[in-house]
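# Chain and residue survey
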Amino acid sequence: MPNLANSAMRLLRQLLGNPAQGDADAAGTLLTLDGHSAVAILEAGISNAAGLGASARAAGADLAWRTQRQRRIGEDCGGYPANGARGALATAIGQSLAGARATAFINANDLVTVQDLLASARGRQLPLVLHVSNQALAGHAIALGSGHEALHISADSGCFLLFAANVQEAVDFTLIARQVAEQTLIPGLVIMDGEQTALALQDVRLPDDGLLRSYLGDSDDHFASPTPAQKILFGERRRRVPVWYDHDRPVRLGGIQGPAVWGLGRVADQVFNGQNLAQTLQDACTGLAKHTGRMHHAVSAFRVEDATMLLVAQGAAIETAEAVADHLRATHKLKLGVLGLRSLRP
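Parameters and conventions
Residues numbered from 1 in each chain as written. Predicted model: local features only at pLDDT ≥ 70, side-chain atom pairs only at ≥ 80, totals over all residues. Heavy atoms only, no water. Helix = DSSP H or I, 4+ residues; strand = E, 2+ residues; numbered from the N terminus. Rg over C-alpha atoms; globule rule 2.2 N^0.38 Å. Buried < 20%, exposed > 50% of the residue type's maximum accessible area, 1.4 Å probe, protein only. Contact = heavy atoms within 4.5 Å. Areas by Shrake-Rupley, 256 points an atom, 1.4 Å probe, with all protein chains shown as cover. Lys, Arg positive; Asp, Glu negative; His and termini not counted. Charge placed at Lys NZ, Arg CZ, Asp CG, Glu CD. Expected span 1.5 Å × (residues − 1). Pairing = 2+ DSSP bridges. Salt bridge = Lys/Arg side-chain N within 4 Å of Asp/Glu carboxyl O. Core = buried A, V, L, I, M, F, W, Y, C linked by side-chain atoms within 4.5 Å. Disulfide = S-S within 2.5 Å. Axes fitted to C-alpha atoms, helices over the stretch in contact; angles between N-to-C directions.

### Concerning the overall build of the chain
- Helix and strand counts for the chain come out as 15 helices and 14 strands.
- Scaling as 2.2 N^0.38, a compact globule of 346 residues should have a C-alpha radius of gyration of about 20 Å, and the chain matches this with 21 Å.
- Once the C-alpha set of the chain is aligned to its principal axes, its extents read approximately 65 × 50 × 50 Å.
- Out of the 346 residues in the chain, the part that is buried amounts to 49%.
- Pairs at least 24 apart in sequence give 77% of the contacts found in the chain among residues at least 6 apart.
- Total accessible area on the chain is roughly 16,500 Å²; 57% of this is exposed by carbon and sulfur atoms.
- Of the side chains in the chain, 30 bear a positive and 32 a negative charge, and the two mean positions are spaced by 2 Å.

### Remarks on helix 9 (residues 167–184)
- Compared with the 26 Å implied by 1.5 Å per residue over 18 residues, the 25 Å span of helix 9 between its first and last C-alpha is a close match.
- The element helix 9 is extensively covered by neighbouring structure, given that 17 of its 18 residues are classed as buried.
- One or two positions beyond helix 9, positive phi appears at Leu 185, with a value near 60 degrees.

### With respect to the pairing of strand 5 (residues 129–134)
- The element strand 5 is largely enclosed, with a buried count of 6 among its 6 residues.
- Of the two faces of strand 5, the one holding Val 129, His 131 and Ser 133 and the one holding Leu 130, Val 132 and Asn 134 are both buried throughout.
- In this structure, strand 4 (residues 102–107) lies alongside strand 5, joined through 5 bridges in parallel fashion. Its bridge partner being in strand 5, Ile 106 is matched across the sheet by Val 132.
- Across 6 bridges, strand 5 lies against strand 7 (residues 188–193) in parallel orientation. Counted as the bridge partner of Val 132 is Ile 191 from strand 7.

### Considering the pattern of salt bridges
- For the coordinates displayed, the defined rule picks out 11 salt bridges.
- Among the salt bridges present, the one from Arg 72 reaches Asp 209, with a minimum N-O distance of 3.1 Å. Remark: Asp 209 occurs in helix 11 (residues 209–216) and Arg 72 occurs in helix 4 (residues 59–73); sequence separation between them is 137 residues.
- Between Asp 306 and Arg 329 there is a salt bridge whose closest N-O contact spans 2.9 Å. With Asp 306 in the loop between strand 11 (299–302) and strand 12 (309–314) and Arg 329 in helix 15 (residues 317–332), the pair connects residues that are 23 residues apart, well separated along the chain.
- Note on Arg 329: relative accessible area 12%, which makes it buried.

### Quick look at the environment of Pro 127
- If you trace the backbone, Pro 127 turns up in the loop between helix 7 (115–123) and strand 5.
- Taking relative accessible area as the criterion, Pro 127 reaches 3% and is therefore assigned buried.
- Each C-alpha atom of the pair Pro 127 and Arg 249 lies 21 Å from the other, and the pair is 122 residues apart in sequence.
- Contacts of Pro 127, omitting those with residues within four sequence positions, involve Ser 96, Arg 178, Ala 181, Glu 182, Leu 185, Val 241 and Pro 242.

### Some details on the nonpolar core
- Counting residues in each nonpolar core, the largest one holds 41 residues, and the members touching the most others are Trp 65, Phe 160, Leu 162, Leu 175, Ile 176, Val 180 and Tyr 215.
- Excluding residues within four positions of it along the chain, Trp 65 makes contact with Ala 40, Glu 43, Ala 44, Ser 47, Ala 49, Ala 50, Leu 52, Cys 77, Gly 78, Gly 79, Thr 103 and Phe 105.
- Formed by 25 residues, the second largest nonpolar core is a distinct cluster that contains Ile 93, Leu 117, Ala 150 and Leu 189.

### A word on the state of the cysteines
- On inspection of all chains with the given rule, the structure shows 0 disulfides.
- Left without a disulfide partner, Cys 285 is nearest to the cysteine sulfur of Cys 159, which lies 18 Å away.

### Considerations on the sheet that holds strand 13 (residues 336–341)
- A sheet is described by the order of its strands in space; here 3 strands give the open sequence 11-13-12, paired in mixed fashion. Each of the sheet's edge strands pairs with one partner strand only, and the pair in question is strand 11 and strand 12. Taking each pair of neighbouring strands and ignoring which way they run, the sheet shows an average axis angle of 20 degrees.
- Looking at chain direction, strand 11 and strand 13 are connected through 4 bridges and run antiparallel.

### Concerning the sheet that holds strand 7
- Taken in spatial order, the 7 strands make up an open sheet running 3-2-4-5-7-6-14, and their pairing is mixed. In this open sheet, the two strands that pair with only one neighbour each are strand 3 (79–81) and strand 14 (343–345). Each adjacent strand pair in this sheet contributes to an overall mean axis angle of 20 degrees, direction not counted.

### A few points about unusual backbone geometry
- Here the residue pair Arg 345 and Pro 346 is connected by a cis peptide bond, since its omega of 0 degrees sits within 30 degrees of zero.
- Structurally, Pro 346 is set in the segment after strand 14.
- Phi angles above zero are rare outside glycine, and Gln 125 is one such case at about 55 degrees.
- Here Gln 125 is to be found in the loop between helix 7 and strand 5.
- In this structure, Arg 303 is a non-glycine residue whose phi angle is positive, near 55 degrees.
- Tracing the sequence through the fold places Arg 303 in the loop between strand 11 and strand 12.
- For Arg 303, a relative accessible area of 35% corresponds to the partly exposed category.

Scope: geometric values only; no functional claims are made or implied.
Here it is as structure tokens:
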């Protein structure tokens with residue numbers, strides 16, 4: 001039986017032309033996938049564990065992760081079903097504390113309810129990568145559309161936030177976020193708009209295992225501690241994903257602190273652990289570009305050199321705004337440019 005989605009994409013390619021192919025070996029395997037499936041398939045090759053308990057829209061990512069994981073290793077292991085988004089994120093936090101590469105897939109409506117867990121993951125310096133599907137928050141009724149309210153609620157959680165404009169960026173940002181999280185020990189969120197990216201079929205290149213190994217390495221690799229603060233904690237070299245809680249050497253984690261001590265710790269965390277985040281993100285983008293030829297920037301600039309008016313956009317709206325800028329320049333001689341926000345924190 002033919003795949004109707006792929007048949008539709010073939011018809012569109014005949015009408016509109018094929019996308020630039022690039023170097024297939026370097027750029028990855030060309031597939032047609034929605035954003036949820038693309039990042040879940042990629043995470044199945046990266047992460048050792050996943051907290052599974054997403055609601056509604058993000059449930060497809062849970063299923064794709066488990067299916068791909070079973071294909072890769074011959075059995076369904078590493079997936080931990082939980083009761084809802086809080087349980088899924090708590091499970092991912094526990095796995096990360098034990099030294100596993102962990103992930104979870106969360107719908108934006110659920111993101112509102114896990115802010116305390118995000119802050120806890122940041123405070124415990126866990127290199128988690130979480131995937132968020134945007135959805136407008138409900139008011140007097142359930143809303144359609146990819147609202148960004150929950151995303152901005154999370155902006156001050158202490159995590160870094162990368163916002164993909166399309167499925168390919170969601171895949172690339174997954175790799176970049178994992179690299180940054182494991183270098184800085186700061187958790188990251190990779191965000192997609194719901195209908196436009198997470199649920200939309202698009203052409204995407206998925207990296208092969210060779211690129212994953214060369215770009216990310218393994219979770220139990222050891223490398224030189226990148227900051228003075230990490231050298232104090234771990235010594236000159238540390239495990240890529242630290243084992244904060246070892247069953248053979250249990251220690252107490254997260255003891256109660258008074259307001260003065262808590263405040264000092266929060267400030268010290270920003271000074272000693274967060275100061276290299278922006279540079280690490282830039283280095284990770286440059287490193288991925290060497291493998292794929294795709295260079296990403298925290299803020300993209302489209303036709304801004306001579307612009308007299310700028311549109312500022314984030315998410316899937318960036319590509320729409322760029323098309324509008326081209327159209328208005330051609331038809332109305334309006335010098336319009338677009339700034340696209342890909343990194344909201346830093």
